[in-house]
Amino acid sequence: MYTISRFSQLCKMSTRMLRHYDKEELLKPVHVDTTNGYRYYEKSQLETALLINKLKEYRFSLPEIRTILQSSDSTLFSKMIYAKINEISNEMSRYRQIIEEMQELIEKKVDLKQAERRSYDIWLGMRNEISVVSQRLQINIDDMDTYIDFFYDKSKESNIQLQGVPSAIFFDEEFTPNHCDIEIMIPIIHRNDEKISKEWQIKKLPKKMVATTLHIGSYDYIGYAHMALEEWTEHNGYCLDGPPYETYLKGSECDCHVEEYVTQISFPVIKKATQ
């Protein structure tokens, strides 16, 4: 058997990391001396340690590595590999886009530190009563387009005539991209209740005063639009009268650059009561 120090040299892992893998039940020592707490490993465990290193190099998380190590299903491993390839490919595309943006900044000699925060025009109007089909979901934010596409496909099967583009309400108190609490809504002009999926809800949004603005560009910076509406609402003596929502007028379905995306942000508002 190897001491933890010797095993660490062989597999190129720190002893601290090996203790962490023991705690995570990825690579447990075959023996722990009860008198001094020394950990010992077998020669056969070196192969597992090297596999963990390789899977980390492939960008698998520790929970994913644990699943791979504990499963004998080769099909599951292949699916996880394909999923990781897609994930890394998407990340590479995003990095290429970032590089292009940075090169453009250099060419145009833009100083980001001196750049002013973009301004937004705010409109106040009355939203008429409207019927929508909606579904509340707990999903990965990256899968949102897939669910919206599914919405359109199912609506056709269910004889629901959609009118307009999708909107979304985000209920999370903080941004959790892997598990977002979202309600997707699409206006409708016709319905057949008998064919509605049990996961869906058809409801009426009441007539309400709404402050809106348009955000043009990547969703990464849509927070600026929300901030502009918050400031306008407070400055003009209004307060929220329902959850804000985003309406996706132009997005990935248009096969255009993210800088061409158009999103309408809406704040249902009511005038504050005067003291």
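In what follows, the structure referred to is the one given above.
Residues numbered from 1 in each chain as written. Predicted model: local features only at pLDDT ≥ 70, side-chain atom pairs only at ≥ 80, totals over all residues. Heavy atoms only, no water.

K.L.:
Tell me about the overall build of the chain, and name the residues and values.
P.N.:
Helix and strand counts for the chain come out as seven helices and 13 strands. In terms of overall dimensions, the chain has a C-alpha envelope of 75 × 60 × 45 Å along the principal axes. Relative to its 275 residues, the chain shows a buried fraction of 32%. The contacts of the chain with a sequence gap of at least 6 include a subset with a gap of at least 24, amounting to 68%. Accessible surface, the chain: about 18400 Å² in total, of which carbon and sulfur atoms supply 51%. Side chains of the chain give 35 positive and 43 negative charges; the mean places of these two sets differ by 3 Å. (Helix = DSSP H or I, 4+ residues; strand = E, 2+ residues; numbered from the N terminus. Buried < 20%, exposed > 50% of the residue type's maximum accessible area, 1.4 Å probe, protein only. Contact = heavy atoms within 4.5 Å. Areas by Shrake-Rupley, 256 points an atom, 1.4 Å probe, with all protein chains shown as cover. Lys, Arg positive; Asp, Glu negative; His and termini not counted. Charge placed at Lys NZ, Arg CZ, Asp CG, Glu CD.)

K.L.:
Can you explain unusual backbone geometry? Please cite residues and give values.
P.N.:
Here Lys12, not a glycine, exhibits a phi torsion of approximately 60°, which is positive. By the secondary structure assignment, Lys12 is in the loop between helix 1 (4-11) and helix 2 (15-23). The exposed category is assigned to Lys12, whose relative accessible area is 71%. Even without a glycine there, the phi angle at Glu25 is positive, about 60°. By secondary structure assignment, the location of Glu25 is in the loop between helix 2 and strand 2 (31-32).

K.L.:
Help me get a handle on the sheet that holds strand 1 (residues 2-3), residues and values and all.
P.N.:
Read across the sheet, three strands follow the order 1-3-2 without closing on themselves; strand pairing throughout is antiparallel. At either margin of the open sheet sits one strand with a lone partner, and together these are strand 1 and strand 2. (Pairing = 2+ DSSP bridges.)

K.L.:
Before we move on, can you summarise the packing of helix 3 (residues 45-57) against helix 4 (residues 62-70) with the specific residues and values?
P.N.:
The contact between helix 3 and helix 4 brings their axes to 10 Å, and the two run at 135°. Here helix 3 is positioned oblique relative to helix 4, judged by the angle of their axes. Crossing of helix 3 over helix 4 shows right-handed handedness. From helix 3, Thr48, Leu51, Ile52, Leu55 and Lys56 reach across to helix 4, where they touch Ile65, Ile68 and Leu69. Taken together, the residues of the contact of helix 3 with helix 4 sort by class into six nonpolar, one polar and one charged. (Axes fitted to C-alpha atoms, helices over the stretch in contact; angles between N-to-C directions. Parallel < 35°, antiparallel > 145°, perpendicular 65-115°, else oblique. Left-handed = near helix turned anticlockwise from the far one by under 90°. Nonpolar A, V, L, I, M, F, W, Y, C, P; charged D, E, K, R; others polar.)

K.L.:
Can you break down the pattern of salt bridges residue by residue, with the values?
P.N.:
For the structure shown, the criterion picks out 13 salt bridges. Notably, a salt bridge pairs Lys208 with Asp241, separated by 3.8 Å at the nearest N-O pair. Residue Lys208 is located in strand 10 (residues 208-216), and its partner Asp241 is located in the loop between strand 11 (238-240) and strand 12 (245-250); the two are separated by 33 residues in the primary sequence. We classify Asp241 as partly exposed; its relative accessible area is 29%. Lys272 is the partner of Glu234 in a salt bridge, and the nearest nitrogen-oxygen pair spans 3.1 Å. With Glu234 in helix 7 (residues 223-235) and Lys272 in the segment after strand 13 (262-271), this residue pair connects regions lying 38 residues apart in the sequence. Taking the relative accessible area as the measure of exposure, Lys272 reaches 35% and is therefore partly exposed. Among the charged side chains, a network of salt bridges with common partners joins Asp22, Lys28 and Arg39. (Salt bridge = Lys/Arg side-chain N within 4 Å of Asp/Glu carboxyl O.)

K.L.:
Lay out the environment of Ala225 with the relevant residues and their values.
P.N.:
Structurally, the position occupied by Ala225 is in helix 7. On a C-alpha basis, the gap between Ala225 and Asn86 in space is 31 Å, while along the polypeptide they are 139 residues apart. With near-sequence residues (within four places) excluded, Ala225 lies in contact with Tyr120, Thr213, His215 and Ile265.

K.L.:
Hey, could you go over the side chain of Ser167 for me, with residue numbers and the actual values?
P.N.:
By secondary structure assignment, the location of Ser167 is in strand 7 (residues 167-170). Taking the relative accessible area as the measure of exposure, Ser167 reaches 8% and is therefore buried. At 2.7 Å, the side chain of Ser167 forms a polar contact with the side chain of Thr247. The residues touching Ser167, leaving out its near neighbours within four places in the chain, are Glu183, Ile184, Met185, Tyr245, Glu246, Thr247 and Tyr248. (Polar contact = N/O pair within 3.5 Å; in protein donor to acceptor, adjacent residues only side chain to side chain.)

K.L.:
Lay out a negative patch on the surface with the relevant residues and their values.
P.N.:
A cluster of acidic side chains, namely Asp145, Asp149, Asp153 and Glu253, defines a negative patch on the protein surface. With respect to the helices and strands, Asp145 occurs in helix 6 (residues 144-157). (Patch = residues over 30% accessible without salt bridge, like charges linked within 9 Å, V, L, I, M, F, W, Y side chains within 5 Å.)

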